[in-house]
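Per-entry structural report
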Amino acid sequence: MPYPRLHTSCLWLITCLLLCGTARAQDIFYGTNQYIEYQQGTVPIILTVPHGGAIQPTSIPDRTCNNAVNVTDVHTIETALEIKKALFTKTGCYPHIVICHLKRTKLDCNRNLTDAACQQPEAELAWKEFHQFIVQARTTIQAGYSDQAMIFDIHGHGHAIPRIELGYLLDSDELAEPDAILNTPKYINYSSLRRLALTSASEATHAQLLRGNQALGTLLHDHGFPSVPSRQDPAPAPDDPYFSGGYITATHTCYTDTVLMNGVQMELNNAGIRNTAANRSRFAGAFAEAAITFLSTHFAINWQSCQPKTAIKETIVSHKEIRVYPNPIAPGDMLHVNTMSEDVVSFLLYTPGGTLIHSGTLDPCCRDIRMPDLPQGLYILKVTEIHGIHCDVYKIICL
Ligand SMILES: [Zn+2]
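Everything in this summary refers to the structure shown in the same document. Here the structure is a predicted model, which is why all the values come from computation and not from measurement.

A side chain of one charge can pair with a side chain of the opposite charge when the charged atoms of the two come close. Going through the model one piece at a time under the given rule, you end up with 12 salt bridges. Across the salt bridge formed by Asp73 and Arg104, the nearest N and O atoms sit 4.0 Å from each other. Residue Asp73 is found in the loop between strand 4 (45-49) and helix 1 (76-91), and its partner Arg104 is found in the loop between strand 5 (96-100) and helix 2 (113-117); the two are separated by 31 residues along the sequence. Between Asp240 and Arg163 there is a salt bridge, with the nearest N and O atoms lying 2.9 Å from each other. In this pair, Asp240 sits in the loop between strand 8 (227-228) and helix 10 (247-251) while Arg163 sits in the loop between strand 6 (150-156) and strand 7 (164-167), placing the two residues 77 residues apart along the sequence. A network of salt bridges, in which partner residues are shared, links Asp73, Arg104, Asp108 and Arg111.

So, in structure tokens, the structure goes:
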């Protein structure tokens, strides 16, 4: 029995998803020499990790040009992957993730090309691939969500105050201004939340998005991770060191006129967040909760289908051909699959991580799947008519 039974009255919640591809583990793409990694996602969230890499090829000399900063943001890759895991566990949806595996001594993807690669061709190519993958993710997201999307550029800081620094491209002096000033067009135009400030589903003002009750910093603080700006800590003091956002945030958010996406540079303190596996897991859970609330409040996201809210009605109408029930269901019980056709139907059942745990075919006479004993959690069922005309994916949550 590969999966231990945790309880005997496990209930299942089955929700139809739109795309059959959602059942697979994320598609992963690599740049040249696997220096850059792109994990394709299913919701309008991009996590970028430019400073956590460890690869140091001897073919790329260490960066020394233009006062290069070479400090690694330790454990930021591991933190991003924990966030992915937490988001998927809670929603069944994947964020897009773009990672630079080169050590910062070789390449700094959060700088312009000249400063980033110091004119070294191998590093320049990796830099271009890093930013091309972000553009690819943006383009995919934009098709479904327009500007209802968010990029989180993940970093680690070593400043004395143990709090998360959220950089919206507004410096300490600007954040020190009263809300009424932050809500003027001049300040909104400085901001990486520029479009959200104009289009938020919650009609939140710019200042509310930065430090209101449903601001990211406030929500993180509410989950035990002090952050600035937030309702609890509206602005850094004038002399506090504070990262307000860098090249990635400026280039890949609506701060740039031609880009629709909103975003933030997220600088994480080390102790209590990045420094141990347990802390990374705890933080990832809290961040996932905060991000889900933030996006649910201010954006048009449907977490049940990993699709834009505007597609819900269409989804229901177009997926009547295959029905899976009952809902809920207990392990060991029969799951019935109803289809309109006489085709043989194949099914695949996956763990949240994409591991196949059960599969088979179902004749028209008896389309029942006996559910295996599984621990509490989320599972994915893919059902396909043999001729491939209809294919549905169901998110199954063990209650
Ligand atoms: Zn950094």
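Moving on, we come to the sheet that holds strand 3 (residues 36-39). Taken in spatial order, the eight strands line up as 2-3-5-4-6-9-7-8 in an open sheet, and their pairing is mixed. Of all strands in the sheet, those with a lone pairing partner are strand 2 (28-30) and strand 8, marking the two edges. Summarising the sheet, strand 4 and strand 5 pair through four bridges and their orientation is parallel. Its bridge partner lying in strand 5, Ile46 is registered against His96.

Next up on the list: the side chain of Asp233. Of note, Asp233 is situated in the loop between strand 8 and helix 10. According to the relative accessible area criterion, Asp233 is buried, its value standing at 19%. Residues in contact with Asp233, not counting those within four places in the same chain, are Arg163, Ser227 and Val228.

Parameters at a glance
- Residues numbered from 1 in each chain as written.
- Predicted model: local features only at pLDDT ≥ 70, side-chain atom pairs only at ≥ 80, totals over all residues.
- Heavy atoms only, no water.
- Salt bridge = Lys/Arg side-chain N within 4 Å of Asp/Glu carboxyl O.
- Helix = DSSP H or I, 4+ residues; strand = E, 2+ residues; numbered from the N terminus.
- Pairing = 2+ DSSP bridges.
- Buried < 20%, exposed > 50% of the residue type's maximum accessible area, 1.4 Å probe, protein only.
- Contact = heavy atoms within 4.5 Å.

Read these as spatial facts, not as claims about activity.
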